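# Structural features, examined
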Amino acid sequence: MLQEFISFTKKTFNTEEFIPLHAPIFLGNEKEYLNECIDSTFVSSVGKFVDQFEADLAKFIGVKHAIATSNGTAALHIGLLMAGVQEGDEVITQPLTFIATCNAISYIKAQPVFVDVDKKTLGLSAEKLKHFLDKNAVVVNEECINKITKRKIKAVVPMHTFGFAADITEIIDICNQYSINVVEDAAESLGSYYKGKHTGTHGLVGAFSFNGNKTITTGGGGMLVTNDDSIALKAKHITTTAKIPHPWDYEHDMVGFNYRLPNINAALGCAQLEKLPYILERKKILSNKYDTFFKNKTIQYLKGPKDSNSNYWLNAIILENLKERNNFLKVTNENGVMTRPIWKLMTKLTMFKNSQIGNLDNAEWLEERVVNIPSSVII
Ligand SMILES: Cc1ncc(COP(=O)(O)O)c(C=O)c1O
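Everything quoted here is computed from the prediction, not taken from an experiment.

Before going further, it helps to examine the sheet that holds strand S2 (residues 90–93). Here we have seven strands laid out as an open sheet, ordered S1-S11-S10-S7-S6-S2-S3, and mixed in their pairing. Each edge of the open sheet is held by one strand with a lone partner, namely strand S1 (65–69) and strand S3 (111–114). Strand-to-strand twist in this sheet, taken as the mean axis angle between neighbours without regard to direction, amounts to 25°. Here S2 runs beside S3; their pairing, made up of four bridges, is parallel.

Below, the structure written as structure tokens:
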């Protein structure tokens, strides 16, 4: 079976060379826009491509405002600040995520609290979230208080894992009952929809990443999105050193961040975004090929959950157990087919091992079995 998978992958990617997990693809106006950017000399924090990238992305995902940032972690950091998270507050998130989600929470000196994921979506479980809040939380003066720690629960951060949409409307309904803001970690889910609405646009704010391994890339970059006018204004201000606009004076009214996306990165982003529909189409074709290949095999191929449209950023499979998973990783990587396990649970990392947790049965089960398989665009 393993040799069959290796041969299938080599045939699908039409190569006998090493097959990476996810390589970027440049098919359109990338070089033209980069040249234009260099010729203009505006390669840094100011320039027309930043505005264009923000406007084009907002249009594509159907949101009122998009604020470009230097990376996805920066977008999450500011998103949490916009949700009112302060030092000492608590933020509920999932234990099965990339470290950046928890890093952003920690930058504010807030405490992550971990609630289990759903086995079908790999994202935060609405059911487990409700159970956790019903047991541990109380709303006092429109603020959610953790009865155990006495801290405020200021935000919930669901993550749309590998581009599979979490049950975001159910999560938001529960959060509304408990007066908690939702910050969507949509770093991996550009092009994914839940009930017809783009991920990242359901909550108060959403954060995207354009790192080199994502569906489209700016080299490094991110985007904070929101439908809230006043949050958008504040977020733009704080990510751009909190400078008061003036033709020459340096007036800053608070401690801001230099989280600006350089114009040269935005130029790349504009060209990549033009090709996003094509990239998504091709990724769907690859997903269908994997789906057919894994039919009637002991390995389960993960299809996008119900009520959603997935971007199939990273294709994922579920092995029978830890031993099978380790063997799969060893043999595929030794044979030039790059595969990777899902992340180690955040609750096992030194920094977060003393955090409050709910029951994490699903995350623990998935941690031992889920593997990502090559997911680059095939032409
Ligand atoms: C789930 C998740 N959150 C946040 C990020 C952070 O994005 P960046 O690497 O652009 O900072 C990433 C990707 O890297 C991610 O996968």
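Below, the discussion takes up the domain arrangement of the chain. Taken domain by domain, the chain comprises domain 1 (2–25 + 276–344 + 368–373) and domain 2 (30–275). The C-alpha-based centres of domain 1 and domain 2 are spaced at 27 Å. Listed per partner, the contact involves 28 residues of domain 1 and 33 residues of domain 2. Regarding the contact of domain 1 and domain 2, the summed buried area is about 2500 Å², with carbon and sulfur atoms giving 64% of it. Sorting the residues of domain 1 by area buried against domain 2 places Leu276, Trp313 and Trp343 first, and these three jointly supply 32% of that buried surface. The interface formed by domain 1 and domain 2 holds zero salt bridges in total. Our count for the domain 1 to domain 2 interface comes out at 14 residue pairs in polar contact (both at pLDDT 80 or more). Elements supplying a minimum of two residues to the side of domain 1 that touches domain 2: helix H10 (276–294), strand S13 (308–309) and strand S16 (370–373). Looking at the side of domain 1 that touches domain 2 element by element, the count peaks at six residues for H10. For the side of domain 1 that touches domain 2, the residue count by class is 16 nonpolar, seven polar and five charged.

With that settled, the discussion passes to the nonpolar core. Core analysis: the largest hydrophobic core is formed by 41 residues, its most contacted members being Phe5, Phe162, Tyr290, Phe294, Ile317 and Phe328. When residues of this core are traced back to their parent elements, those giving at least two are helix H1 (2–12), H10, strand S14 (315–318), helix H11 (322–334), helix H12 (361–367) and S16. When residues of this core are assigned to domains, at least three map to each of domain 1 (2–25 + 276–344 + 368–373) and domain 2 (30–275). In this structure Phe5 touches Tyr290, Phe293, Phe294, Phe328, Thr332, Val337 and Ile373, once residues within four positions along its chain are discounted. Counting residues in each nonpolar core, the second largest holds 29 residues, with Ile216, Val225, Ala267 and Ile279 among its members.

Reading guide: rules and limits
- Residues numbered from 1 in each chain as written.
- Predicted model: local features only at pLDDT ≥ 70, side-chain atom pairs only at ≥ 80, totals over all residues.
- Heavy atoms only, no water.
- Pairing = 2+ DSSP bridges.
- Helix = DSSP H or I, 4+ residues; strand = E, 2+ residues; numbered from the N terminus.
- Axes fitted to C-alpha atoms, helices over the stretch in contact; angles between N-to-C directions.
- Domains from an automatic or database assignment.
- Contact = heavy atoms within 4.5 Å.
- Buried area = accessible area lost by both parts, 1.4 Å probe.
- Salt bridge = Lys/Arg side-chain N within 4 Å of Asp/Glu carboxyl O.
- Polar contact = N/O pair within 3.5 Å; in protein donor to acceptor, adjacent residues only side chain to side chain.
- Nonpolar A, V, L, I, M, F, W, Y, C, P; charged D, E, K, R; others polar.
- Core = buried A, V, L, I, M, F, W, Y, C linked by side-chain atoms within 4.5 Å.
- Buried < 20%, exposed > 50% of the residue type's maximum accessible area, 1.4 Å probe, protein only.

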